[in-house]
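Residues per chain are reported as follows:
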Amino acid sequence: MRFLWLNPAGYSLQCPRMHIPDGFLANRIAISLDVVSGASILYAVRRLKLELSARVIPIMGVLSAFIFAAQMLNFPIFGGTSGHLLGGALLGIVLSPMAGLLTMATVIIAQALFLQDGGLIALGANIFNMGAVTVFSGYVLFRLLGAPGKPGKHLPLTGFIAGWISVEIGAAACALELGLSGAVPLRVGLPAMTGYHAVIGVVEGALTAGVLSFLARVRPDLLKRDFSPRFGFPDWVGGAVLVAIPLGLLALAGSSNLPDPLQALLSRSLVPGAHQESLLSSDRFTDLYRVLLYLALVAIVGAAYLASRFVRSRGGRS
Amino acid sequence: MKHSFVDRYANLDSPLHFLDARTKLVGFSALIVTALSIRAGSTGEFFAFFFFMAILAGISQIPMQYVVGRTLGILPFVLLAGLAAPWRGSEGWAWYLALVLRSTLCLLILVLLTNTTRFVELSRGLRRLGCPRILVANLSFLYRYLFVLADEVMRMRQARDSRRVGRAGALAELRTLGSMLGTLMVRSFERANHMYQAMLSRGFSGEFPVAAPRRFSWRDLAFISVVALFVAATVYL
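For clarity, every value in this text was computed on a predicted model and none was experimentally measured. (Residues numbered from 1 in each chain as written. Chains lettered and ligands numbered in written order. Predicted model: local features only at pLDDT ≥ 70, side-chain atom pairs only at ≥ 80, totals over all residues.)

**Observations regarding the overall build of chain A**
Then, number 1: Counting its secondary structure elements, chain A contains 11 helices and two strands.
Then, number 2: Secondary structure elements of chain A occur, N-terminal to C-terminal, as α-α-β-β-α-α-α-α-α-α-α-α-α.
Then, number 3: Per-residue burial for chain A yields a buried fraction of 58% across its 318 residues.
Then, number 4: Expressed as a percentage of contacts within chain A between residues at least 6 apart in sequence, the contacts between residues at least 24 apart total 78%. (Helix = DSSP H or I, 4+ residues; strand = E, 2+ residues; numbered from the N terminus. Buried ≥ 20, exposed ≤ 12 C-beta atoms within 10 Å, placed from the backbone. Contact = placed C-beta atoms within 7 Å.)

**Notes on the overall build of chain B**
Then, number 1: A tally of helices and strands in chain B yields nine helices and zero strands.
Then, number 2: When the helices and strands of chain B are listed from N to C terminus, the series reads α-α-α-α-α-α-α-α-α.
Then, number 3: The 237 residues of chain B split such that 35% are buried.
Then, number 4: Of the contacts formed within chain B by residues at least 6 apart in sequence, a portion of 83% connects residues at least 24 apart.

**Here we look at the interface of chain A and chain B**
Then, number 1: In this assembly, 65 residues from chain A lie in contact with 65 residues from chain B.
Then, number 2: Broken down by element, the residue count for the side of chain A that touches chain B peaks at 13 residues, all from helix α2 (residues 56-70) of chain A.
Then, number 3: Residues that form the side of chain A that touches chain B fall into these classes: 47 nonpolar, 11 polar and seven charged. (Nonpolar A, V, L, I, M, F, W, Y, C, P; charged D, E, K, R; others polar.)

**Some thoughts on unusual backbone geometry**
Residues other than glycine predominantly adopt negative phi, and peptide bonds predominantly adopt the trans conformation.
Then, number 1: Of note in the backbone geometry, S96(A) takes a positive phi value of approximately 80° without being a glycine.
Then, number 2: Judged by C-beta crowding, with 25 C-beta atoms within 10 Å, S96(A) ranks as buried.
Then, number 3: Phi at Q61(B) is positive, roughly 65°, even though this residue is not glycine.
Then, number 4: Positionally, Q61(B) belongs in the loop between α2 (43-60) and α3 (64-71).

**Describing the nonpolar core**
Then, number 1: Within the largest apolar cluster, 154 residues are counted, with the highest numbers of intra-cluster contacts made by A65(A), L102(A), I32(B) and I109(B).
Then, number 2: Sort the elements by how many residues they give to this core and helix α6 (residues 155-181) of chain A lands first, with 16 residues.
Then, number 3: For this core, the domains that each give at least three residues are domain 1 (21-125 + 213-236) and domain 2 (131-201) of chain B.
Then, number 4: In this structure L102(A) touches I41(A), A44(A), V45(A), L48(A), M60(A), I134(B), L135(B) and N138(B), once residues within four positions along its chain are discounted. (Core = buried A, V, L, I, M, F, W, Y, C linked by C-beta atoms within 7 Å. Domains from an automatic or database assignment.)

**Comments concerning the packing of helix α1 (residues 21-36) of chain B against helix α5 (residues 92-115) of chain B**
All names here are of chain B.
Then, number 1: For the pair α1 and α5, the least separation of the axes is 9 Å and the interaxial angle reads 175°. In terms of axis orientation, α1 runs roughly antiparallel to α5. Contacts from K24, F28, L31, I32, A35 and L36 of α1 reach α5 at R102, L105, C106, I109, L112 and L113.
Then, number 2: Considered class by class, the residues forming the contact of α1 with α5 number 10 nonpolar, no polar and two charged. (Axes fitted to C-alpha atoms, helices over the stretch in contact; angles between N-to-C directions. Parallel < 35°, antiparallel > 145°, perpendicular 65-115°, else oblique.)

**Regarding the environment of L36(B)**
Then, number 1: With respect to the helices and strands, L36(B) occurs in helix α1.
Then, number 2: With 36 residues separating them in the primary sequence, L36(B) and L72(B) have C-alpha atoms 18 Å apart.

**Thoughts on the environment of T114(B)**
Residue and element names in this part refer to chain B.
Then, number 1: Note that T114 resides in helix α5.
Then, number 2: Residue class for T114 comes out buried when judged on the 25 C-beta atoms lying within 10 Å of it.
Then, number 3: Taking C-alpha positions, T114 is 10.0 Å from A21, a pair spaced 93 residues apart along the chain.

**Quick notes on the confidence of the model for chain B**
Then, number 1: Confidence in the prediction for chain B averages 83 pLDDT; 89% of positions are at 70 or higher.
Then, number 2: Scored by ipTM, the complex comes to 0.88, with pTM at 0.82. (pLDDT = per-residue confidence, 0-100.)

**Looking at α1(B)**
Then, number 1: With 16 residues, α1(B) extends 22 Å between its outermost C-alpha atoms, agreeing within 8% with the 22 Å of an ideal straight helix rising 1.5 Å per residue.
Then, number 2: Of all 16 residues in α1(B), 13 are buried, a share of seventy percent or more. (Expected span 1.5 Å × (residues − 1).)

**Remarks on the packing of α2(A) against helix α8 (residues 170-201) of chain B**
Then, number 1: At a minimum axis separation of 9 Å, α2(A) and α8(B) run at an interaxial angle of 145°. Of the two possible hands of crossing, α2(A) and α8(B) adopt the one that is right-handed. Residue-level contacts link P58(A), I59(A), V62(A), L63(A), F66(A), A69(A) and A70(A) of α2(A) to L181(B), L184(B), M185(B), S188(B), F189(B), R191(B), A192(B), M195(B), Y196(B) and M199(B) of α8(B).
Then, number 2: When the residues that make up the contact of α2(A) with α8(B) are grouped by side-chain class, the tally is 15 nonpolar, one polar and one charged. (Left-handed = near helix turned anticlockwise from the far one by under 90°.)

**A few points about the confidence of the model for chain A**
For residues with low pLDDT, the predicted coordinates do not support detailed interpretation.
Residue and element names in this part refer to chain A.
Then, number 1: Per-residue pLDDT for chain A averages 74, and the proportion of residues at 70 or more is 66%.
Then, number 2: Throughout residues 257-287 the model reports pLDDT below 50, and contacts reaching past four residues in sequence, or to other chains, amount to 73 contacts.
Then, number 3: Low pLDDT, under 50, characterises residues 312-318; the stretch is placed with 10 contacts to residues that sit more than four places away or in other chains.

**Some thoughts on the environment of Q116(A)**
Then, number 1: In this fold, Q116(A) is placed in the loop between α4 (97-115) and α5 (123-145).
Then, number 2: Once the C-alpha coordinates of Q116(A) and A69(A) are considered, the two residues, 47 residues apart in sequence, prove to be 17 Å apart.

Given below as structure tokens:
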């Protein structure tokens, strides 16, 4: 019933519909992703503390309200559904990935708390799918495709691709999590989610491109400021550890018959009886294997922490 | 314009509203985790849980139709998972029923949590439970400026609608929407700068002070014990 309050015509299906409610993810997966997202938030906080002046705090705060408000502007697509800006790629590009991640995390937490949009235990999964994954993939695509330092002719095209693909990857991660939880089988969920968001993602891409070219025209200083190399080596490492590795584990588990790593990550579940109902039984894993994967999770968190410890301040900005 | 769509009932005066935010965050999270661990087929546990939630909802004085309306929000996911149920064989529908009941319970708990706690107290509770300061500051900013920006969006939408007749092509529509969002973003940036100057000149130190924070009292102790008893009963009986 999201945004019914601004939509007197009634309920229309809101689309990037990726807020997973509680109960749809197996506890193992939800809690592992809570840990991963918590670590990435802590990494981002630590990184921002080192590098940012206090001036950026209100900018992040107001931009999270901006994303919340921007999602009120719907673009009708077909059959009563409508798309709106998800905003992850846009924030990653305009604000730098770390600040973008924190801003998206704020939005997603607020959506869970204000609108009960997405669950509380599933918050980590939602922050991962819609925050970390879209922000980082959008930013990385934008940097890889565009000429850094020259926001020019290719800006709309690279913005479009970054927005579109980032939503697609987020939707795929969402489908993988649901599939591994046994809630929605992969062979149903993956085509449904990615196919649907391939269409919806066009709106995301177009709006990302539109905002970016508007900014380039009207306030190029906002964009130029952010083309400076503030996303340094430690962040590539941190991003890889906190986003790419969990995403890779999910994809590996979903696409092959190998034992599911994420499922075994938190050796069994923390709650009695919760593991009983998954279709993917974890009984075939040896305890050694489970211990190794548990260590891998600890290593992910530890590596993120260490990476943030060794980051040196690169002088003031803003 | 006036918006009261978030925490609309958070200013009521029920016993649940008087609890400390930390108590509610911890207690309701424990309830959610417990609800998530109920197995399919344990009818008694589901029944007891719904009974308990009904009592809490009654105590909270939140109108019933509001609570029920909110729980409809999970419908898209319920339908998606329903597609898969027939493939599960004979166990499929029992499993599906358990899934729907569990997620409904979790949503009910979340509705109760957020509608019995004012947002300022909720974010303060999060801060005291160890949530990073920047994140809590972000949440406070979001809450304060959401209404301002929502007004702005509504004015912009009104302006757009009053300047056009019918629908333009999809591309033109998207371009307009992109410019609107860009305008909104530029205004947000500028607003943030003005705010920062204003906050600095008023002695902003990074924390948002809250008037008369709640303290941990006997009510909180009572609530936590009831929840703990209930959780223990559900898990071990």
